[in-house]
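If you want the building blocks of each chain, they are given just below.
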Amino acid sequence: MNNSSSLAGKTALITGAARYRGIGRAIALRLADDGADIVICGRPRSSDSQPVQEQQMNWLGVESLAEEIREKGRRAFALDCDVTAKAQVIAMIDSIKSEFGRLDIIVNNAGVPSDAGSSPILETKEDVWYETMDVNVNGVFLVTKYGGRLMRDSDNGGAIVMIASLAGRVGLQDYGAYCASKFGVIGFTQQLALELAGIGIRVNCVSPGSHDTDMMDGTIARATQKYQMPDDSYRAQLEDFIPMGRQGNVSELASVVSFMCSADASYVTGQTINVDGGARLD
């Protein structure tokens, strides 16, 4: 456990934190290590839709993660929430206000990969496009709008961190709606940073490259099927593309998010930081 207390006394909301091998879990655990009380949310999933590892360990999504956080001595509040549903988002923010009385940090992590890796635009299905935009853009807007109001009313400043993607930095072939949605997140970050700077709320974005997660495994699986390549061969090509020669660990990404949430980043807003092993240098 990290003994830092850089976020002591803060309340943090992390969306999309239901997966065991996910970025959201790693961020929640790191912010808890750094002293924050944690609110986590995710969409409920049936057990048969879970990865085999989660089924074998009887992983219960955000409830299991909340138990991990409590074991660290931090308060944890787990909620089911579909970030695309306005009523559910408002109810979640109202619950945070009742439980904690404040909100200092929002990490907009919830997202869907759609058919990234195998979806050329001319073949992308409309329902996939709309769902991707709904979760990856509209969901970020709703959580930020209503969570941001509570943050503003708390009158303690705050930090909002968006999770974009390398696919939000440069167009990637066959990434369909995913690229467009993540470009949107980066643009939203910049606009919001300008609007909230005057009330002490910083807004930044973290742009992950390839990390060892279930979501990335799915992207690799779609690409290998499309190009009829063995999984190992595709992964080797992927690692060759990354100057550091490997996928990232989610804990490495979480440490950057923690920095963005802390007072150490007190003069940083409107920025997007790549966490990608050197794959992009802009």
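Procedures and definitions
Residues numbered from 1 in each chain as written. Predicted model: local features only at pLDDT ≥ 70, side-chain atom pairs only at ≥ 80, totals over all residues. Heavy atoms only, no water. 1 Å grid on protein atoms, 1.4 Å probe; cavity = no way out; pocket = protein on both sides within 12 Å on 5 of 7 lines; lining within 4 Å. Points joined across faces, edges and corners; volume = space filled by probe spheres on them. Helix = DSSP H or I, 4+ residues; strand = E, 2+ residues; numbered from the N terminus. Nonpolar A, V, L, I, M, F, W, Y, C, P; charged D, E, K, R; others polar. Axes fitted to C-alpha atoms, helices over the stretch in contact; angles between N-to-C directions. Parallel < 35°, antiparallel > 145°, perpendicular 65-115°, else oblique. Left-handed = near helix turned anticlockwise from the far one by under 90°. Contact = heavy atoms within 4.5 Å. Core = buried A, V, L, I, M, F, W, Y, C linked by side-chain atoms within 4.5 Å. Buried < 20%, exposed > 50% of the residue type's maximum accessible area, 1.4 Å probe, protein only. Phe/Tyr/Trp six-rings, centres within 6.5 Å; stacked < 30°, edge-to-face > 60°. Salt bridge = Lys/Arg side-chain N within 4 Å of Asp/Glu carboxyl O.

## Details of the layout of surface pockets
Right, on to step 1. In this structure, the second largest pocket occupies an estimated 230 Å³ of space.
Right, on to step 2. In this structure, the second largest pocket is lined by 13 residues; those nearest its centre are Thr144, Lys145, Leu192, Glu195 and Leu196.
Right, on to step 3. Broken down by secondary-structure element, the contributors of at least two residues to the lining of the second largest pocket are α5 (126-154) and α6 (176-196).
Right, on to step 4. Top contributing element to the lining of the second largest pocket by residue count: α5, with six residues.
Right, on to step 5. Across the lining of the second largest pocket, the residue classes break down as six nonpolar, three polar and four charged.

## Things to note about the packing of helix α4 (residues 86-100) against α5
Right, on to step 1. Running from N to C, α4 and α5 point in directions that differ by 25°, and their axes come no closer than 10 Å. Between α4 and α5, the crossing angle belongs to the class labelled roughly parallel. Here α4 runs over α5; the crossing is right-handed. When α4 is examined against α5, the residues Lys86, Val89, Ile90, Met92, Ile93, Ile96 and Lys97 are found in contact with a partner set consisting of Leu142, Val143, Tyr146, Gly147 and Leu150.
Right, on to step 2. Residue composition of the contact of α4 with α5, grouped by class: nine nonpolar, one polar and two charged.

## Observations concerning the nonpolar core
Right, on to step 1. Among the nonpolar cores identified, the biggest contains 35 residues, and Ile14, Leu31, Ile38, Ile40 and Val107 are the most heavily contacted of them.
Right, on to step 2. Where this core is concerned, the elements lending two or more residues are β1 (11-14), α1 (23-33), β2 (37-42), α3 (62-71), β3 (76-80), β4 (105-108), β5 (158-163) and α9 (250-261).
Right, on to step 3. Apart from the residues lying within four places of it in its own chain, the contact partners of valine 107 are Leu13, Ile14, Thr15, Ile27, Leu31, Val161, Ile163, Val257 and Cys261.

## Quick notes on unusual backbone geometry
Right, on to step 1. Its identity as a non-glycine residue notwithstanding, aspartate 155 has a phi of 60°, on the positive side.
Right, on to step 2. Summarising the element assignment, aspartate 155 is placed in the loop between α5 and β5.
Right, on to step 3. By relative accessible area, which is 65% here, aspartate 155 ends up exposed.
Right, on to step 4. One non-glycine residue with positive phi stands out, namely aspartate 174, at about 70°.
Right, on to step 5. Structurally, aspartate 174 is set in the loop between β5 and α6.
Right, on to step 6. For aspartate 174, a relative accessible area of 8% puts it in the buried group.

## So, the packing of aromatic side chains
Right, on to step 1. All told, the structure shown has three aromatic pairs when counted by the stated rule.
Right, on to step 2. Taken together, a centroid distance of 6.3 Å and an interplanar angle of 55° make the contact between tyrosine 175 and tyrosine 178 tilted. Note on accessibility: tyrosine 175 and tyrosine 178 belong to one class, buried.

## Points about the pattern of salt bridges
Right, on to step 1. All told, the structure shown has 16 salt bridges when counted by the stated rule.
Right, on to step 2. Note that arginine 21 is salt-bridged to aspartate 214, the shortest N-O span being 2.5 Å. Here arginine 21 is found in the loop between β1 and α1, whereas its partner aspartate 214 is found in helix α7 (residues 214-227), with 193 residues between them in sequence.
Right, on to step 3. By relative accessible area, aspartate 214 is classed as buried at 16%.
Right, on to step 4. One salt bridge in this structure joins aspartate 217 and arginine 235, with 3.0 Å as the shortest N-O distance. Here aspartate 217, found in helix α7, pairs with arginine 235, found in helix α8 (residues 231-241); they are 18 residues apart in sequence, far enough to count as distant.
Right, on to step 5. Since its relative accessible area comes to 24%, aspartate 217 is described here as partly exposed.
Right, on to step 6. Each of Arg21, Asp212, Asp214, Asp217, Asp231 and Arg235 takes part in salt bridges that share partners, so that together they form one network.

## Observations regarding empty space enclosed by the protein
Right, on to step 1. Within this structure, the stated rule accounts for one cavity of 30 Å³ or more.
Right, on to step 2. Volume-wise, the largest cavity comes out at about 30 Å³.
Right, on to step 3. Contributing to the lining of the largest cavity are Thr15, Val83, Asn108, Ala110, Val135, Gly139, Val140 and Val143.
Right, on to step 4. For the lining of the largest cavity, the element with the most residues is α5, which contributes four residues.
Right, on to step 5. Classifying every residue of the lining of the largest cavity gives five nonpolar, three polar and no charged.

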